[in-house]
Amino acid sequence: MVQPAAAKIAIPPHGNTNFMLTYAKRNSMSSADESSRIIEDRDIDPVTLQVVGGEFDTIAQEMGYKLIRSSYSSIIRESEDIGAGILTADGQQIAEGDFTPMHVGTNIASVEGMYESFEERGLDPDEHINEGDVFIHNHPHYGATHSPDIAVMTPIFYDGEHIAWTATNAHHIDIGAATPGLAVDLEDMFAEGSLFKGTKIIDEGERVEEIWNFLETNVRTPRIVLGDLQAQISSCDTGKQRFLELIEEYGLDTVQTAADDLMAYAEALMRNEIKTIPDGEYHETGYLDDDGRNRDTRLKVDVRVTVEGSDMYVDLSDSNDQVPTGYNIPFRGSTEVAIFFIVRSMLIDTYIHDEYIPQNSGTFEPIHVEAREGCIFNPKPPASAFARINQVDFMADLLMKALSESIPERVTAGSGPHCYFISYAGTDENEEYWVYIEVNESAYGGRAEEDGLDAVDALVHNTKNRPVEDIELSHPMRIEHYRLREDGHGAGRHRGGHGIEREMTFLSPTTITCEGDGNKYGSWGFQGGKGGTPGSLQHIKADGEVIDLPSKVSGYKFETGDRFSIQTINGGGYGDPSERPVEKVHEDYLDGLITEEIARDDYRVVIENGEVDERATADLRSD
């Protein structure tokens, strides 16, 4: 799929002289407004800072590509559901690669959670963390994104001193949960599978065989899971080697000073942008389908944004109480980082800025996230928090909606705030498990100057799709079609993007678990634009019987010859549809994305025999 220009933060060329000029200019400013925190009197020159900052980014990016190329599973190799980066010894993010936005900042929370686990066990970090160690961490109540995302963290030592971490975070296709691959209807966190809190998997260069044996015994696909874990370790080793080479070239003091300066610089950029939003309180409420067990109970998501000068406060405390299934959200690992990313993408995306924008902890400092303990965005243990992607998508969408009137040029209309995150599983002729995980994306809403992007994932995950040929080659399923929805979209001056239709036939008995939402609602339109249509799931039996499925199913069974139909949400429209240029309406018609009826009813464009009737259109639009 095409990557979204307006939501994915890209790393600009390292030779961007605009950064050096901007940095020098801001250095020379006298700061009358203390809240802006403009960088002054730093100890490193702008040119060196830019070069070292570019190296930080390159290291993080190389780590990610190393992991992708070395991985076994398609969720890493094809979808790139990963994060990779460098952190200070106390867990501040120096740089992170440009991969899955949901992983932005989550390594910070994982390092923090790991240190908490050391304290609980009475372990002194100075004694427990040694050169050559590797730790794994995935506990949802200790900073993990969610338990299938295993963080691998490697300490970097220089002259005997622990100076930094390299870390990767990657989604694993199975961790031994109650259902293969993914899980929704879980009793508690213990049903999630294998949980690790700062567990040492390599001790001073030697494998801790008991942990490797434990993993091999307790997951359904040990060859793939252990292979992906080793790929993460290799990625961290690469990052460690490159970071030490950088220190050898520039010296430890220069590298550490550059990291501090870039964090201060990034914080100043974010604060300057927050100050452009009028002070005040902004509020939106919406409702998710259900919790995966209690089908008649919708879940409240309440987003309250307060802007005070250069600080932004996001409070989710009035959201639904935590639920008795796995449909809760880890606060530090998912709730906070989703808000960090969506605010950053609205305010300091490189698409709308010339300055170099580092991906580091500085951008998070002015953003303050609250959620009362016991709500779905901050559940109390031992609640499960396995299935959380749609809630943070929806929360991010409501956050944009809350700010839409104050910064309309920075937001999209409703971006199909959901996906269908699905695991498929079965056994092969040798009675060994196969597991396949895919993210079925919806679409972006219309934007101030552009249409919404078709079939590009919503908001905070940004994963890629897997080629149909690869799916059919590797698993007992046949993809009947995979295409854009052709039943309309969120009409607008800039239309919403089209979601996808996918239908497959199972060639052997298959179990699925779907972590989805959006069957009961569509995306919202903005400034006169129309909302996008909801999603749907259907089980089409071999005898032709059609069963409408809810957005969440756990361990649902298909037989050989059964088909599975998926339709994701369409994006909402931005602006009055009757202001859309006639030629663009006609192009959508010729592409099969709208019918003559939609052209007439939504856009007031008359199309007959495949051509625009200009006179009839002019008359209709003048009424």
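Everything discussed here concerns the structure shown above.
What counts as what
- Residues numbered from 1 in each chain as written.
- Predicted model: local features only at pLDDT ≥ 70, side-chain atom pairs only at ≥ 80, totals over all residues.
- Heavy atoms only, no water.
- Phe/Tyr/Trp six-rings, centres within 6.5 Å; stacked < 30°, edge-to-face > 60°.
- Helix = DSSP H or I, 4+ residues; strand = E, 2+ residues; numbered from the N terminus.
- Buried < 20%, exposed > 50% of the residue type's maximum accessible area, 1.4 Å probe, protein only.
- Contact = heavy atoms within 4.5 Å.
- Polar contact = N/O pair within 3.5 Å; in protein donor to acceptor, adjacent residues only side chain to side chain.
- Salt bridge = Lys/Arg side-chain N within 4 Å of Asp/Glu carboxyl O.
- Pairing = 2+ DSSP bridges.
- Axes fitted to C-alpha atoms, helices over the stretch in contact; angles between N-to-C directions.
- Parallel < 35°, antiparallel > 145°, perpendicular 65-115°, else oblique.
- Nonpolar A, V, L, I, M, F, W, Y, C, P; charged D, E, K, R; others polar.

## With respect to the packing of aromatic side chains
No. 1: A full pass over the atoms with the stated rule returns 17 aromatic pairs.
No. 2: An angle of 70° between the planes, with centres 6.0 Å apart, marks the rings of phenylalanine 135 and tryptophan 165 as edge-to-face. Residue phenylalanine 135 is found in strand β3 (residues 134-137), and its partner tryptophan 165 is found in strand β5 (residues 161-171); the two are separated by 30 residues along the sequence.
No. 3: Accessibility expressed as a relative area gives 0% for phenylalanine 135, which makes it buried.

## Some words on the environment of aspartate 548
No. 1: Checked against the element boundaries, aspartate 548 lands in strand β18 (residues 546-549).
No. 2: For the pair formed by aspartate 548 and asparagine 609, sequence separation is 61 residues and the distance between their alpha carbons is 36 Å.
No. 3: Not counting chain neighbours up to four residues away, the residues in contact with aspartate 548 comprise Leu537 and Gln538.
No. 4: Of note is the side chain of aspartate 548, whose polar atom sits 3.0 Å from the side chain of glutamine 538.

## Here we look at the pattern of salt bridges
No. 1: Across all of its chains, the model carries 38 salt bridges by this definition.
No. 2: Arginine 372 is paired through a salt bridge with aspartate 321; the nearest N and O atoms lie 2.6 Å apart. With arginine 372 in the loop between β11 (367-370) and α10 (389-403) and aspartate 321 in the loop between β10 (311-315) and α9 (331-347), this residue pair connects regions lying 51 residues apart in the sequence.
No. 3: A relative accessible area of 31% means that arginine 372 is categorised as partly exposed.
No. 4: Using a relative accessible area of 46% as the deciding quantity, one classes aspartate 321 as partly exposed.
No. 5: The salt bridge partner of aspartate 602 is lysine 530, with a shortest N-O separation of 2.6 Å. Here lysine 530 lies in the loop between β16 (510-515) and β17 (536-540) and aspartate 602 lies in helix α13 (residues 596-603), a separation of 72 residues in the sequence.
No. 6: Under the relative-accessibility criterion, aspartate 602 is labelled buried at 18%.
No. 7: Among the residues examined, lysine 530 registers a relative accessible area of 38% and is labelled partly exposed.

## So, unusual backbone geometry
No. 1: Here the bond from proline 381 into proline 382 is cis, since omega is 10°, no more than 30 degrees from zero.
No. 2: Checked against the element boundaries, proline 382 lands in the loop between β11 and α10.
No. 3: Its identity as a non-glycine residue notwithstanding, glutamate 204 has a phi of 50°, on the positive side.
No. 4: Position of glutamate 204 among the secondary structure elements: in the loop between β6 (199-203) and β7 (206-207).

## Examining the sheet that holds strand β13 (residues 433-440)
No. 1: If you trace the four strands from one edge of the open sheet to the other, you get β13-β12-β16-β19, paired in antiparallel fashion. The sheet is open, and its two borders are formed by β13 and β19 (552-558), each paired with just one other strand. In this sheet, neighbouring strand axes are inclined to one another by 15° on average, regardless of whether the strands run parallel or antiparallel.
No. 2: With five bridges joining them, β16 and β19 adopt antiparallel strand pairing. For glutamate 515, the partnering residue across the bridge sits in β19 and is lysine 552.

## Re the packing of helix α7 (residues 222-250) against helix α8 (residues 252-274)
No. 1: Relative to each other, α7 and α8 sit at 115°, their axes nearing to 6 Å. Between α7 and α8, the angle falls in the class roughly perpendicular. In this structure, α7 uses Phe243, Leu246, Ile247 and Tyr250 to contact α8, whose residues at the interface are Leu252, Thr254 and Val255.
No. 2: Across the contact of α7 with α8, the residue classes tally to six nonpolar, one polar and no charged.

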